[in-house]
Every structure is written in structure tokens, then in C-alpha cells.
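Descriptive analysis of the structure
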Amino acid sequence: GQGGAGPITLNNFDAVAEVPAQEVPGAGGSKVKAAIEQRAKKEAEAQRARAEKEAAERLAIEREAAARLKAEQEAARIAAEEESARLKAEHEAYRAKVEQDAARAKAEQEARKQADEQSKTWEEAEQRAKAKALAEKERSEKQLAEAQIKSQPKIPKARRKPLPLGKIAGGLFVLSLLAVAVLPYVWPLDSYVQPLEQELSAQLHQPVHIGNMSAALLPMPKLELTAVTVGSGRELKAKNVVVNFDFSALFSPTKSINKLQLNEVSVSGASLPATMSWLQSAGTAEKYPVARMELQNVSVETSEIKLPLVSGHADFDAQGHFHKAELKTGDDKFGFELESLQKHLQLVVNFRGSSLPLLPGVPFTDLSATGEVVNGEIIFSEIYSHLFGGMLGGTARLNWQNGWLLQGRLIAKSLELQNLFPKFGISGELYGEANLTLSGAKLSQLGDAPRMEGTFEAKKVVINKTDMETVARFGNRSDLARGHTSFDEIKGTLQSDGEGLRLRQLELSSGIINGSGMVDVAPTQQISGKLSVELKGRGGNVPLMLSGTLTEPVVKTR
């Protein structure tokens, strides 16, 4: 250019750029301006390139962290499955041991039963031997008396043909057997029914009705009663009752009953306590005391709950007091024992591979409950069961004096969440302690409004259908929120009633995500809750909102 400034080169570009544009005359000012703009453009491009490179590096790091997290979660899931398999193997071994113990106990019971029957047979044989010896003694005395009479001088009589005494004695013996065996079935016994009804009614202090009665003396004396009912409303009904006596009872005013067998028995559910009292008093009856009672196919008639048919026996001691009763179903899945101990009754209930009538949806691998029946209630001092792959125990008190009320303290160990909540996509092990209250005007209403309050701790938890860590890290992206979340431990308090389930003071912990909060679950399975979580390697807490349902949970940031 002109003016002595000289051309602009790379060597003097910076010096020229410092000169204000208005001080550079002519076309030189435009060139400086263009150079400045070009330099600014290059710097902007370089800065953008550096930003893009840093963003790419940060994204690569986050993706690597997400991949590492998913690998850790997968490893945790595999470890949880292996631990679950180990627990299941332990539970299977325990169940096999329980079955072996039950089989051994059954075999021992059968052996004791055979021994008792053999002992009874020996006693009967001994009694028959004594009776035979007594008859032989009487015959000898009679023969001695006859010999003394024969030894006295007699007036000679005209001889006549001797009678066939052997044939006469044989004929009389045959007639006696026929009379003993046949007479009770052909002789009308209708006239004895009403007096027997009156005597039994007086002993039980309840109306007793007998449809028909028959008797037999061989092989042992017995009465057979049909269509027997007890109670003003016929609360106890038996299709058939067989009363077995000893021969000595035929000649005694007290007809001791060796065995009272009641077949096809039905009991009104509302009168069950009263019916048990009637049966317990059978041993102390003055004229017809019972030593043993056998019951076949006993059913409890109630429209509220369905109870299985049970069969068993009840024994009474030498003084006629109730001693012990055992009843069970034909498949041995349900049974109970009732034993008299001092001033109360001890009750033992056993379930195996079945469900409680009030909890049909809860399958028990086994359940055992021991308690005392005192003053219109049962106090269970020990409850122990296996269900949902874990154990549940505790104590309880059941009262029915003013409606039905069940109060208890439960302790849970190693319950498998996947079995406990199969529809909710959650796995892990549950531990906890809680107070439980059930109440209702009727027995069938006892489980309608349960109330529970306690603490819980869940370990190795995997929650499917939602990825809380990803939502907390990247926000509400629907394409990233459908994974799963793993926690080493979740603990807190719980409250449950007719209004739903409330989880409070929640503490969630794992190697990647930790947090706290609260969750509510409505009776319709709707979820609402708030969590505050902290991610490993990232400062600050992230608030999360819970909604949706137990089967389709939704987690979002605020």
C-alpha cells in the first residue's frame, strides 16, 4: 500500500492488529479487520473442538461407569441366585428330616398301639382263665356236695332206664349259644330306648335322642345305637354309635364302657366348645363311664370356614377324668392333640403341606403351634413354621368370648421375597419382627382387617422394572429407566391396616447408590413415595418420586 506503511506480513500481523482500525489509512484498515475476524474464528473453532472432545471423553467415562455398574449388578444377581439355591437346598434337607421324623414317630405309634392291643388281649385271656377256674371250682364243689348226698343211705327205688344226660347237656348248651347270639336281634329293644335316653340326658345335662338300638353278646357284649343326637338344637350328631362292654358289666349296676365308637360325627361350629365339654364328661358318668372313645370322620358344620374331616381317639384315666385326645386327617396334613395338664388343657396343632382355613393363599411347608386352653381363650406359647422358603415363628393369643380376637408377635427369617410377592418383580431375603392383630365378629371375618406394626430388613434385594441409579444419573429418560436396581440392604419400619401399607424411616444401601425416604402402598396397589439418593462418585443428593403400581412402578426425578 501507499503511505510508507509497507505490506502486512505474518511477522508484523500482531503489531498491526494492535493499531486501531481508524488509524490505518486506506485499504489497510479493512485487511486488519479481516485478519482479526479470521483469528477470532479460528479460536472459536478450536474452543468448540476442545469442548466436543471433552464431552466425548466424559460420555465415554459415564458409559464405562454404566457398563461397570451393570456388570456389578449382574454379579450381585448371580450371587443372590446362588445363595437362594443354597437356602433352598438347606430347606429341602430340613423338610426331608421332618418327614423322616414323622415316619419314625408314626411307626413308634403303631408299635405302641399293637403292644396295647396285645396287652389287652392278654388281660382278656387272663380274665377268661380266672372265670374258667372259678367255674371249675364251683363244679368241683357241686360234685363234692352231690357225692356227699349220694353217700347218705337211700330208700331203694325201682330201677328205670337212665336218661341221656350227655345229649341233654349238649342240647342245652347249643340252645344257650343260640339265645346269646340271636335273642338280642329278635327280641324287641324299643322299650329300652326311652329309658336309656333319659339316663344319658341326665348325665350330660343335654337332651339325647336315639333313633334305634340293637344288642349282641358275642364275641363281646355291645350295644349299637343309630341316629344319635345331643343338644336341644342337635348340635352333636352321630350316624352310628357302638358301645363295647366286658362280660362283667352284665352283672354289675355300673356298665363300664371299654370303648365308645362314634362314626360319621358332625358338630355345629358355634357349639364346638360346649361339645368338647360334653365329650370330656363321658369318663365320669356314674352308670356308663367310658375308658376310651374313638371318633371316625368328624366334621365341623359351619358356613364360615371349611375344616377337613378328622378321625382319632380320646382316652380317660382310671378316675374317669379326660386325659388326652388325638385327631388328624386321613392324609396326615392336619392334626391336633388335646391333653389335660393340671387345671388347663394343652393344645398342639400341626399342619404339613397345607394352608390355614383363614389364610388359604399361604401355603405352609409345615406349621406347629403349642398353647393352653384357659378361660375361653388359647394362649400359644410357641409357633414355628416354614413357608416362602424361610421361617416364621412367635407367640399369639386367641380369644372368642366377645367376638374373635387374635393378637401375636411374629418373627420372620429368610423369607424369599420372590415367593412372597410373585407378581411384583422383586427378589431378596426378608427378616423382621411385627405385632399382629386380627379381629372380627365372626371367625370367618378374623382376617378381613389385619393390623401390623414392626420393623423389617431385606437383604440382597433386586427390584425389577426400574433402574433408580440410571434415573438419578441421567434424568427422566424412558429408554434407560426399565432396567433393575440392586441393593445390599433395605430396612425401615412398617405399618399395615385397612388403609394400606406405610414404610417409614427407609434406609437403602449398595455399592453404587444409597438413600433414604418413605413409601405408601394403597389397598389398590397404587404407590406413592419420596426418596433421596446419593450416587457413588457424584456429590449431592438426587430427589426421586415414586408412583405407578406394585406391578408397574414409576421412578422420576422432580
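For the structure, see preceding data.
Residues numbered from 1 in each chain as written. Predicted model: local features only at pLDDT ≥ 70, side-chain atom pairs only at ≥ 80, totals over all residues. Heavy atoms only, no water.

1. What about the overall build of the protein chain?
Defined as follows: The secondary structure listing takes helices from DSSP runs of H or I that are at least 4 residues long and strands from runs of E that are at least 2 residues long, numbered from the N terminus. Only protein chains enter the area calculation, which uses a 1.4 Å probe; residues under 20% of their type maximum are buried, those over 50% are exposed, and those in between are partly exposed. Areas reported here follow the Shrake-Rupley algorithm with a probe of radius 1.4 Å; residue values treat only the protein chains shown as occluding.
In terms of regular secondary structure, the protein chain is built from seven helices and 21 strands. Residues classed as buried in the protein chain amount to 29% of the 558 residues present. With the model as given, the accessible surface of the protein chain reaches about 35,400 Å², and the carbon-plus-sulfur share is 56%.

2. Quick word on the nonpolar core
Threshold: Buried Ala, Val, Leu, Ile, Met, Phe, Trp, Tyr and Cys residues that are joined via side-chain atoms within 4.5 Å together make up what is termed a nonpolar core. Contact criterion: two residues are considered in contact whenever any of their non-hydrogen atoms come within 4.5 Å of each other.
In this structure, Val241, Leu260, Phe380, Phe487 and Leu544 are the most contacted members of the largest nonpolar core, which totals 77 residues. Residue contacts for Leu260: discarding those within four places in its chain leaves Val241, Val242, Val243, Val290, Arg292, Met293 and Glu294.

3. Points about the environment of Met391
Along the chain, Met391 falls in strand β12 (residues 390-399). The class of Met391 is partly exposed, set by a relative accessible area of 26%. Between the alpha carbons of Met391 and Thr365 there is a distance of 9.8 Å; along the sequence they are 26 residues apart.

4. Re the pattern of salt bridges
Where charged atoms of side chains with opposite charge meet at close range, the side chains can pair. Formally: Any carboxyl oxygen of Asp or Glu that lies within 4 Å of a side-chain nitrogen of Lys or Arg is treated as forming a salt bridge with it.
All chains considered together, the criterion is met by 14 salt bridges. Two residues, Lys70 and Asp467, come together in a salt bridge whose shortest N-O distance is 3.8 Å. Residue Lys70 is found in helix α2 (residues 28-151), and its partner Asp467 is found in the loop between β15 (451-464) and α7 (468-474); the two are separated by 397 residues along the sequence. Lys70 sits in the partly exposed class, given a relative accessible area of 48%. In this structure, Asp497 engages Arg502 in a salt bridge whose closest nitrogen and oxygen atoms are separated by 2.8 Å. By sharing partners, the salt bridges in this structure join Arg292, Glu294 and Asp315 into a single network.

5. Describing the packing of aromatic side chains
Under the convention used in this document: Within 6.5 Å between ring centres, the rings of Phe, Tyr and Trp (the latter by its six-membered ring) count as paired, and their orientation is classed by plane angle as stacked under 30 degrees, edge-to-face over 60, tilted in between.
Applying the stated criterion across every chain, the model contains four aromatic pairs. Seen from their ring centres, Phe334 and Phe351 are 5.0 Å apart, and the 45 degrees between their planes marks the pair as tilted. Here the residue Phe334 occupies a position in strand β8 (residues 334-341), and Phe351 occupies one in strand β9 (residues 344-356), the gap between them amounting to 17 residues. With relative accessibility at 9%, the residue Phe351 sits in the buried group. With 6.0 Å between their ring centres and 40 degrees between their planes, Trp400 and Trp404 make a pair best called tilted. Overall, the relative accessible area of 26% leaves Trp400 in the partly exposed class.

6. Overview of unusual backbone geometry
Although it is not a glycine, Asn297 adopts a positive phi angle of roughly 55 degrees. Tracing the backbone through its elements, the reader meets Asn297 in strand β5 (residues 292-301). When its relative accessible area of 30% is taken as the criterion, Asn297 is described as partly exposed. Its identity is not glycine, yet Lys465 carries a phi of approximately 70 degrees, on the positive side. Mapping Lys465 onto the fold places it in the loop between β15 and α7.

7. Quick look at the side chain of Glu326
Here is the rule: As used in this structure description, the phrase polar contact means that two N or O atoms lie within 3.5 Å; if the pair is within protein, one of them must be able to donate a hydrogen and the other to accept it, and residues adjacent in sequence are counted only when both atoms belong to side chains.
Locating Glu326 in the fold gives a position in strand β7 (residues 322-328). Within polar-contact distance, the side chain of Glu326 engages the side chain of Lys324 at 3.4 Å. Apart from residues lying up to four places away in sequence, Glu326 is in contact with Gln109, Ser311, Gly312, His313, Phe336 and Glu337.

8. Some details on the pairing of β15
Formally: Here a strand pair is declared whenever DSSP counts at least two bridges between the two strands.
Taken together, the 11 bridges between strand β14 (residues 426-440) and β15 define a ladder with antiparallel strand orientation. Directly across from Glu433, in β15, lies its bridge partner Thr455. Note that β15 and strand β16 (residues 484-497) share 12 bridges and pair antiparallel. By the bridge assignment for β16, Phe456 is matched with Gly492.

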